[in-house]
Amino acid sequence: MVTRWWWVRHGPVPSQKGYIYGQKDVSCDTSDLAAFEGLAKALPQDAIWVTSNLVRTHETLEAIWGQSGQEGEALAEPDFAEQSFGDWEGLAWKDFHAAKDPAYAKFWEDPGNSRMPGGESFADQILRVGSVIERLTKKHEGSDIVAVTHSGTI
């Protein structure tokens, strides 16, 4: 039996433009109703729906459902959260360039495996997310699963 995954990134987060927000729980913009209507038409209606624990994924799911007339329950998976940028969350990218922080330069030597202070590497996130994908694929074998998550998660 084939299990199909449908991946949707949450809506844009204009309030955080230029900032590192990672696992900060910030809202997204769901005002583009035409985009959500088109998305709702493209996604399977009888799917298992899953989000992360962060509000922007819940808001995006509600916007999709609002345009399709669908409602129901979605699974909230904390391990589908965005990568944790630890102590860097809430800081502006431009400030790192200006400060010439050695931790910032070291991070970019191996960004896939480097952990920012108090955070996780992208490799850590891959392991975290992969275990959820495996678990849900087994549990919902043969189903369509729509995951409304984050760019790093996807």
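This one's a predicted model, so the numbers in the text were calculated from it and none came from an experiment. (Residues numbered from 1 in each chain as written. Predicted model: local features only at pLDDT ≥ 70, side-chain atom pairs only at ≥ 80, totals over all residues. Heavy atoms only, no water.)

Chemist: When you look at the nonpolar core in this model, what are you seeing that I'm missing?
Modeler: One finds Val 8, Phe 36, Ala 40, Leu 43, Ala 47, Trp 49, Leu 61, Ala 63, Ile 64, Trp 65, Val 146 and Val 148 forming the largest nonpolar core, which totals 12 residues. Secondary-structure elements contributing two or more residues to this core are helix H1 (33-42), helix H2 (55-68) and strand E4 (144-149). When residues in this core are grouped by element, the largest group, 4 residues, is from H2. (Core = buried A, V, L, I, M, F, W, Y, C linked by side-chain atoms within 4.5 Å. Buried < 20%, exposed > 50% of the residue type's maximum accessible area, 1.4 Å probe, protein only. Helix = DSSP H or I, 4+ residues; strand = E, 2+ residues; numbered from the N terminus.)

Chemist: Looking at this model, I keep getting lost on the pairing of strand E2 (residues 48-51). Mind explaining?
Modeler: Along any regular strand the residues' side chains alternate between the sheet's two faces. Bridge analysis of E2 against E4 gives 4 bridges, and the strand direction is parallel. Across the sheet, Trp 49 pairs through a bridge with Val 146, a residue of E4. Both E2 and strand E3 (residues 75-76) contribute to a ladder of 2 bridges, which runs parallel. Within E3, the residue paired with Thr 51 across the bridge is Ala 76. Once the chain exits E2 it traverses H2 before rejoining the sheet at E3, and the crossover so formed is right-handed. (Pairing = 2+ DSSP bridges. Right-handed = clockwise from strand over helix to strand, strands pointing away.)

Chemist: Would you take a moment to explain the pairing of E4 for this structure?
Modeler: Of all 6 residues in E4, 6 are buried, a share of seventy percent or more. Burial along E4 is two-sided: the residues Asp 144, Val 146 and Val 148 and Ile 145, Ala 147 and Thr 149 are all buried. Two strands pair when backbone bridges link them, and strand E1 (residues 4-9) and E4 are joined in this way by 6 bridges, in the parallel orientation. Residue pairing for E4: Trp 7 is matched across the bridge by Ala 147.

Chemist: Looking at this model, I keep getting lost on the packing of aromatic side chains. Mind explaining?
Modeler: Given two aromatic rings, one states the distance between the centres and the angle between the planes to describe the pair. Inspection of every chain in the model, using the stated rule, returns 10 aromatic pairs. Here the aromatic rings of Tyr 104 and Trp 108 are separated by 6.2 Å at their centres, their planes lie at 80 degrees, and the arrangement is edge-to-face. Considering the side-chain rings of Phe 107 and Trp 108, the 5.0 Å spacing of their centres and the 85 degrees angle between planes classify their relative orientation as edge-to-face. Phe 107 gets classed as buried once you look at its relative accessible area, which sits at 6%. Classification of Trp 108 as partly exposed rests on a relative accessible area of 44%. Through a chain of ring-to-ring contacts, three or more aromatic side chains come together here, namely Trp 88, Trp 93, Tyr 104, Phe 107 and Trp 108. (Phe/Tyr/Trp six-rings, centres within 6.5 Å; stacked < 30°, edge-to-face > 60°.)

Nothing here speaks to function; it is geometry throughout.
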